[in-house]
Amino acid sequence: LIPRERMWAGDKHPAVCQSASQELGIPVELDYRPRIPTADLLLLCVKPADAPKALAAVREGGLRPSTLLISILAGVTTTALESMLGTDNPVVRAMPNTPAVVGEGMTVVCCGRSANETHLARARRIFEAVGKCIPVDEVHFNAVTALSGSGPAYHFLIMEALADAGVRVGLPRQLALTLVAQTALGAAKMVLTTGRHPAALRDDVTTPAGCTIGGLLMLEDGRIRSVLARAVEEAAKIAAHLGPPVPHKPAQ
Ligand SMILES: NC(=O)c1ccc[n+]([C@@H]2O[C@H](COP(=O)([O-])OP(=O)(O)OC[C@H]3O[C@@H](n4cnc5c(N)ncnc54)[C@H](OP(=O)(O)O)[C@@H]3O)[C@@H](O)[C@H]2O)c1
């Protein structure tokens, strides 16, 4: 997608620069500011609270007016990014997730004030190289952050609990974990490829008076639906407060 020799990265820790450079096979530098005027795309990946400093460094480094800034920061709006950057550069906001490292990421993207369809398409190509990518209205970003951004952690917890359950009924742990992970993968693939409602797929495997309906009843007794809904609701509330306060612009 982008030749390695045209890529570079920056971090504030010499040890991170060294290990990331070895792992990625690109220069990773402590003082990346001299490179900023040469960049036509910048990917911002710091914690939300570090955004003001990082964007000030980018601006002071001499960002070209056409350089596209893509941010993966949770809770930091395009308006806040544009305000912190203080230029009219095109900005695309993205919310990826960690399965991108195995090519199965789920990313949503939206445009800031100065970004157009070409900028959005460019960002989509980047995230489609590591999974699926969908344009979504920015109003949904906190919900998306809570559902797919944080989602892998929920699924890891559920898989860990199910593997424990397998051990409880006598399976060796590694076997239990393999059964659980492959079953999750298969179930997800059925939802994505058949387009059928999960409830219909569940009905297909639920024999009258069988073991599956017995297990499902226990999950419903444990209020699994409301627990999951509350988890996503709480994460969305937190996402809404992650970004640094937007500097106030005096009225003209
Ligand atoms: N984890 C997820 O699943 C997920 C999903 C979607 C989006 N995100 C977003 O991804 C972003 C990165 O998350 P992460 O967990 O990878 O963060 P991280 O581990 O803290 O990595 C960011 C790195 O950038 C360094 N840094 C901070 N300010 C810098 C600056 N001005 N110049 C150069 N380097 C700087 C940090 O150093 P220090 O440690 O000293 O600050 C740290 O080494 C966050 O905004 C998060 O919201 C994460």
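A. Examining the site of the ligand more closely. Taken together, the neighbourhood of the ligand is formed by 17 residues, with D11, H13, Y32, V46 and K47 sitting nearest. Interatomic distance of 2.6 Å between a backbone N/O atom of V46 and an oxygen atom of the ligand. Relative to its unbound accessible surface of 910 Å², the ligand loses 67% to contact with the protein. Class assignment for the residues of the shell around the ligand results in 10 nonpolar, three polar and four charged.

B. View of the pairing of strand 7 (residues 131–135). The sheet contact formed by strand 6 (residues 105–111) and strand 7 spans five bridges and is parallel. Residue pairing across strands places M106 opposite K132, the latter belonging to strand 7. A crossover links strand 6 with its parallel partner strand 7, the connecting element being helix 4 (residues 117–128), and its sense is right-handed.

C. Fine view of the sheet that holds strand 4 (residues 68–71). Taken in spatial order, the five strands make up an open sheet running 3-4-5-6-7, and their pairing is mixed. For this open sheet the edge positions go to strand 3 (41–44) and strand 7, each flanked by a neighbour on one side alone. On average, adjacent strands in this sheet sit at an angle of 25° to one another, irrespective of strand direction. Relative to strand 5 (residues 91–95), strand 4 runs parallel, the two being bridged by three bridges. Among the inter-strand pairings, L69 is bridged to a residue of strand 5, identified as V91.

D. Broad picture of the domain arrangement of the protein chain. Considered domain by domain, the protein chain is made up of domain 1 (9–136) and domain 2 (151–238). Computed over C-alpha atoms only, the centres of domain 1 and domain 2 are separated by 34 Å.

E. Structural detail: the packing of helix 2 (residues 51–60) against helix 3 (residues 78–85). Two elements in contact, helix 2 and helix 3, have axes separated by 8 Å at closest approach and are oriented at 50°. By the angle class used here, helix 2 and helix 3 are oblique. Read as a crossing pair, helix 2 and helix 3 show a hand that is right-handed. Counted together, A51, P52, L55, V58 and R59 of helix 2 and L81, M84 and L85 of helix 3 form the full contact between these two elements. Taken together, the residues that form the contact of helix 2 with helix 3 break down as seven nonpolar, no polar and one charged.

Reading the values: the criteria
- Residues numbered from 1 in each chain as written.
- Predicted model: local features only at pLDDT ≥ 70, side-chain atom pairs only at ≥ 80, totals over all residues.
- Heavy atoms only, no water.
- Near = heavy atom within 4 Å.
- Polar contact = N/O pair within 3.5 Å; in protein donor to acceptor, adjacent residues only side chain to side chain.
- Areas by Shrake-Rupley, 256 points an atom, 1.4 Å probe, with all protein chains shown as cover.
- Nonpolar A, V, L, I, M, F, W, Y, C, P; charged D, E, K, R; others polar.
- Pairing = 2+ DSSP bridges.
- Helix = DSSP H or I, 4+ residues; strand = E, 2+ residues; numbered from the N terminus.
- Right-handed = clockwise from strand over helix to strand, strands pointing away.
- Axes fitted to C-alpha atoms, helices over the stretch in contact; angles between N-to-C directions.
- Domains from an automatic or database assignment.
- Parallel < 35°, antiparallel > 145°, perpendicular 65-115°, else oblique.
- Left-handed = near helix turned anticlockwise from the far one by under 90°.
- Contact = heavy atoms within 4.5 Å.

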